[in-house]
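Tertiary structure, described
What follows is each chain in one-letter form.
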Amino acid sequence: MSLGAVVRSLSAVVALAVAGQAAASETLTIPSRTMTDEAFLAGTPDAGEPVEITGRLAGLRVGPPQPAVILLHGANGPKSGAAWNWSQILGLRGFVTLRLDSYTARGIGDVAVDQASAPQFMPVYDAYRAVEVLATMPEIDADRIFLMGFSRGGTATLYASLRRFHDAFGPKAGRIAGYVPFYAACNFTLEGELDLVDAPVRLIHGRLDDWTPLAPCQDYADRLAAEGADVTLTPLDGAHHAFDDPTAPALHSDSDWKTSRNCHRIERGGTLVNAQTGQPFTYDDACVENGPHSQFNGDAVGVAQRVVLDLLDGQGG
């Protein structure tokens, strides 16, 4: 489906809106590709098979162009309670949100128990294509499109800010005005990892996170800031993984959930290598463990909300 056809398909959504009122949530189709991490790291733009993914667009209004936030889910896919929660929070502040679904069209299920079933960097490519689609819409301020992601989506949001990936795959229309990675995995060493595009990055992370621990992200944020990048990390006291998912009010762990918290992956020649073994990383490696925890924390969400809105409102708002 062409970008023009995508935009025309939204005409019914816009027709539902009246001045000052939000349209109902609708499905948006985004042309993308399915590529391996190796193809993505190699910067091969036409690798993989074409696919049309979808996203839930909410908050579209008739009136002046609105800023938009693309929400990238974690391992639980489109049922992400965190993405839904932030769609509600941001909608109340006048932001359009697009909750991408990187899994359904590709036949991917619960990645928390089958981490190998989804490439790490696939959502980066999806997000870039979603920016292009949003940028064609007259209701969207094409210069104020933000990325926000959770867990795996947070990892994608973080590394989407690398200049090398923008050069290879970045959106041909629209501008990503800021990046907000929530509890990302930062235990990677990538080529060019200290060379970011000119946009702010605001990492948000729970101190008690035992799925994607805080320490590697703090180290990475410190190194980026030392290079002059506009990067900060906000650590949240008493917060576990998925602290912003209201569907998980009690501390929970599942013995089938896998975490690579004790692994470190180094990019070598377009391959992610286990730093301990020197061999290509797999989720069968000894450093992979089971049973991390998650839990909602309303106080942490309050702190995170202030950080997020300070960024979004400050970028031309």
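Higher on the page you've got the structure.
Quick caveat: nothing in here was measured; it's all calculated off a predicted structure.

A short note on the pairing of strand β6 (residues 176-182)
Side-chain direction in a regular strand flips from residue to residue, so the side chains alternate between the two faces of the sheet. The buried fraction of β6 amounts to seven of the seven residues, a majority that puts the element mostly inside the structure. Where strand β5 (residues 140-150) meets β6, six bridges bridge the pair, whose relative direction is parallel. The partner of F150 across the bridge, within β6, is F182. The sheet contact formed by β6 and strand β8 (residues 201-206) spans two bridges and is parallel. Among the inter-strand pairings, F182 is bridged to a residue of β8, identified as I204.

A closer look at the state of the cysteines
According to the stated counting rule, one finds two disulfides in the structure shown. Two residues, C263 and C287, share a disulfide whose sulfurs are 2.1 Å apart. Around the S-S axis, the bridge from C263 to C287 shows a dihedral of about 105° and counts as right-handed. Of this pair, C263 sits in the loop between β11 (258-259) and β12 (265-268) while C287 is found in the loop between β13 (271-274) and β14 (289-290), placing the two residues 24 residues apart along the sequence. The same class applies to C263 as to C287, namely buried. Cysteine pairing in the protein chain follows 1-2, 3-4, where each cysteine in a disulfide is numbered by its order in the sequence.

What to know about the environment of M35
For M35, the location among the structural elements is in the loop between β1 (26-34) and α3 (37-42). Residue class for M35 comes out buried when judged on its relative accessible area of 4%. In the structure, M35 is positioned 38 residues away from H73 in sequence and 18 Å away in space, judged by C-alpha atoms. The contacts of M35, once residues within four sequence positions are left out, are F40, T44, P45, A47, G48, P119, Y125 and F169.

A closer look at the sheet that holds strand β3 (residues 66-72)
Read from one edge to the other, the open sheet built from eight strands follows the order β1-β2-β4-β3-β5-β6-β8-β9, with strand pairing classed as mixed. In this open sheet, the two strands that pair with only one neighbour each are β1 and β9 (231-236). If you compare each strand with its neighbour and ignore which way they point, the axes differ by 20° on average. On the sheet, helix α5 (residues 122-135) packs against β1, β2 (49-58), β3, β4 (96-101), β5 and β6 and is oriented at approximately 130° with respect to β1.

Analysis parameters
Residues numbered from 1 in each chain as written. Predicted model: local features only at pLDDT ≥ 70, side-chain atom pairs only at ≥ 80, totals over all residues. Heavy atoms only, no water. Buried < 20%, exposed > 50% of the residue type's maximum accessible area, 1.4 Å probe, protein only. Helix = DSSP H or I, 4+ residues; strand = E, 2+ residues; numbered from the N terminus. Pairing = 2+ DSSP bridges. Disulfide = S-S within 2.5 Å. Contact = heavy atoms within 4.5 Å. Axes fitted to C-alpha atoms, helices over the stretch in contact; angles between N-to-C directions.

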